[in-house]
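Structural features, examined
Chain by chain, the residues run as shown.
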Amino acid sequence: MASWKINRILFYSFFVLLALTKTVKNRKDPDFFWYIEDGATFVEKHQIPTTNPYIFLPSTEWVAHSILFYGALYYFYKLLGDRHLYAFTSFLLIVLYIVTILLLSGKTEKLLSFILLFSGVYYLIFWGTTLRPHLFTYIFLGITYILYEKNKLFYMIFLLPLWSFLHAGVISGIGLLAIFGAYELYKGHAKKTIEVFTYLVAGLAGILIINPYHFSYFKWIVHAFKAMPLWSKFITEWSPLLPYIIKDHVPYYTVAFIVIILFLYLFLASHKRKEVMDIFLLLFFTYSAISHVRNLPVLGITLAWIMPKYIDYTFLGSFSKLTFKHLEHRFMLPILIILHIVLITVFVKMDKTFYTPSSFYPVNAVKFLKTCDSCHGNILLPSDLGGFVEYYLYPRFKVSLDGRLSVPDSTFLEFNLFWRMKIDPIKYIQKYRVNYILLPLRFQFLARKLTTHSEIHPFYKDSFFTILCTSFSSCKR
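A brief look at the structure comes next. None of the values given here were measured: they were computed from a predicted structure. (Residues numbered from 1 in each chain as written. Predicted model: local features only at pLDDT ≥ 70, side-chain atom pairs only at ≥ 80, totals over all residues. Heavy atoms only, no water.)

**Remarks on the pairing of strand 4 (residues 456-461)**
- As judged from the five bridges shared by strand 4 and strand 5 (residues 465-470), these two strands associate in the antiparallel manner. Bridged to P458 within strand 5 is L468.
- Connecting the antiparallel pair strand 4 and strand 5 is a turn made up of three residues. (Pairing = 2+ DSSP bridges. Helix = DSSP H or I, 4+ residues; strand = E, 2+ residues; numbered from the N terminus.)

Have a look at this one:
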């Protein structure tokens, strides 16, 4: 292989390693533990969840949109331990960054353009790189762009059904195929239009036939989108971007917004003629990312496909003199190898344990409840703690809610009103026969207010969590 090709591969892989060392997260996500529970149901019992048996609030129909991911996660964590889980995460991220580079490479000859594009795209993707099934949507969305570019959308017939087992983000893949079909129709390519929509229909049919939830899979997605206005009031990832910048001054979101504005400016300032589809995709996904921060990574992947075609035709294109041809110089090889050795050394020395910090998770409180032989019943707690508590205490205890949020809209609203002290807490506790209330440090003001009622009294307290007892429990004052 020619030396310049080796240098180019090393150059690309340097960015993969750099992004990997900056992205791997070692803390278990709040949803991690209910992922494991559903994975156990799927792997060991060969069943698919249809309700949420771990909560005491009324559960609606539940569709595990990422059942294959849950199963793989359970396998790696339960049978092989944290180190293998770390390898599993690293592998997914490596694939994600390789897909990103494939979208970027070959479309720009300027090194500065590539570095700027990769840095901006990586920063937008970074928000979504925790160990969650969303990773598969980012990977498959990038693959969809590549398949369209290579005129190989036929493979979407198989990709869509597989995607439906790994994440509900398959809906974005379906939408993207529809956009491609509409664009081919707009250009007057009748044959290509028929082909794209045929692949779309065949992929949809594959989901409806092969996916164990069949039609319910899409029915639940429709419900989720209907419930979005309610969810967005209480769930961080459904929230709009601008309030984080204007009210909370969150640095990550502020920089993400600057990156978006920069790319929009570069796109508009480019001298190259704009494709109608690129305009639509850029505007639509920019709007979706600003409306809901969870869509920032999807915008990042879209930018990786759109922007390389235009960036060399901006002022940056004329400003930057270094091109990929400069990688042909032999002195680049030892420099790139040294950089790789440094990054690999850093990566190897990173902590390989997915820990559960006791400041976030009620580790000691759960240990206490485990040793309390007379303790059992319903635990009212914030939803981000539900997965952890149910994983260790079910079936002796049920929780109020976990990250699935698998309750009717009215119940979800009522639950949030309780934590905001907007409803009578005693009536709520009586309605659902709450035995215990688990409160993290951020809700200590609520703990003090609740203990003013004679029906509620303290039962356990550590540095980060408090457990209150209600009149429905067997604990003593």
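**Concerning the sheet that holds strand 4**
- Strands sit in the order 2-1-3-5-4 across an open sheet of five strands; the sheet is mixed. Strands at the two margins of the open sheet, each flanked by one partner only, are strand 2 (397-399) and strand 4. Here the strands of the sheet are splayed against their neighbours by 30° on average, with no regard to which way each runs.
- In the packing of helix 18 (residues 383-393) onto the sheet, contacts are made with strand 1 (377-380), strand 2, strand 3 (436-440) and strand 5, and the angle to strand 2 comes to roughly 165°. (Axes fitted to C-alpha atoms, helices over the stretch in contact; angles between N-to-C directions. Contact = heavy atoms within 4.5 Å.)

**Some details on the nonpolar core**
- Ranked by internal contacts, the top residues of the largest apolar core, which has 172 residues, are F69, Y145, F180 and I437.
- Considering every element that reaches this core, the biggest residue donor is helix 4 (residues 82-104), with 11 residues.
- Apart from residues no more than four positions distant in its own chain, F69 is found in contact with Y35, F88, L92, L131, R132, P133, F136, F165 and L166. (Core = buried A, V, L, I, M, F, W, Y, C linked by side-chain atoms within 4.5 Å. Buried < 20%, exposed > 50% of the residue type's maximum accessible area, 1.4 Å probe, protein only.)

**Describing the state of the cysteines**
- Following the criterion strictly, the structure yields one disulfide and no others.
- A sulfur-sulfur separation of 1.9 Å characterises the disulfide bridge that pairs C372 with C375. One quick way to see it: the torsion about the S-S bond of C372 and C375 is about 65°, and its sign makes the bridge right-handed.
- What makes C372 buried here is its relative accessible area of 12%. (Disulfide = S-S within 2.5 Å.)

**Here we look at the pattern of salt bridges**
- Taken as a whole and judged by the stated rule, the model has 13 salt bridges.
- Among the ionic pairs, R404 bridges to D38, the shortest N-O distance being 2.8 Å. Remark: D38 occurs in helix 2 (residues 32-44) and R404 occurs in the loop between strand 2 and helix 19 (409-419); sequence separation between them is 366 residues.
- Taking the relative accessible area as the measure of exposure, R404 reaches 3% and is therefore buried.
- Members of the salt-bridge network, linked through shared partners, are D29, D31, R132, E237 and R294. (Salt bridge = Lys/Arg side-chain N within 4 Å of Asp/Glu carboxyl O.)

**Digging into the packing of helix 4 against helix 14 (residues 296-306)**
- Following both chains from N to C, one finds helix 4 and helix 14 inclined at 35°, their axes separated by 7 Å at the closest point. Here the hand of the crossing between helix 4 and helix 14 comes out left-handed. Contacts between helix 4 and helix 14 involve L96, T100, L103 and L104 from the former and I301, A304 and W305 from the latter.
- For the contact of helix 4 with helix 14, the per-class residue count stands at six nonpolar, one polar and no charged. (Left-handed = near helix turned anticlockwise from the far one by under 90°. Nonpolar A, V, L, I, M, F, W, Y, C, P; charged D, E, K, R; others polar.)

**Details of helix 18**
- The buried count for helix 18 comes to eight of 11 residues, which makes it a mostly enclosed element.
- Within helix 18 the residues assigned to the buried category are L385, G386, G387, F388, V389, E390, Y391 and L393.

**A short note on the packing of helix 4 against helix 5 (residues 111-126)**
- Viewed as axis vectors pointing N to C, helix 4 and helix 5 meet at an angle of 140°, and their least axial separation amounts to 11 Å. Regarding the angle of helix 4 to helix 5, the classification is oblique. For the pair helix 4 and helix 5, the crossing hand works out as right-handed. Contact residues: L96, Y97, T100, I101 and L104 in helix 4; F114, L117, F118, V121, Y122 and I125 in helix 5.
- Classifying every residue of the contact of helix 4 with helix 5 by side-chain character gives 10 nonpolar, one polar and no charged. (Parallel < 35°, antiparallel > 145°, perpendicular 65-115°, else oblique.)

**Looking at a nonpolar patch on the surface**
- A cluster of nonpolar side chains, I6, L333, I337 and I341, forms an exposed patch at the surface whose accessible area comes to about 300 Å².
- It is helix 16 (residues 332-349) that provides the largest number of residues to the nonpolar patch, a total of three residues.
- Within the secondary structure, I341 is located in helix 16. (Patch = residues over 30% accessible without salt bridge, like charges linked within 9 Å, V, L, I, M, F, W, Y side chains within 5 Å. Areas by Shrake-Rupley, 256 points an atom, 1.4 Å probe, with all protein chains shown as cover.)

**Some remarks on the pairing of strand 1**
- Inspection of the sheet shows strand 1 paired to strand 2 by three bridges, in the parallel sense. Residue pairing in the sheet places N378 in a bridge with K398 of strand 2.
- With respect to chirality, the unit in which strand 1 leads through helix 18 into the neighbouring parallel strand 2 is right-handed.
- Relative to strand 3, strand 1 runs parallel, the two sharing two bridges. Among the inter-strand pairings, L380 is bridged to a residue of strand 3, identified as I437. (Right-handed = clockwise from strand over helix to strand, strands pointing away.)

Read these as spatial facts, not as claims about activity.
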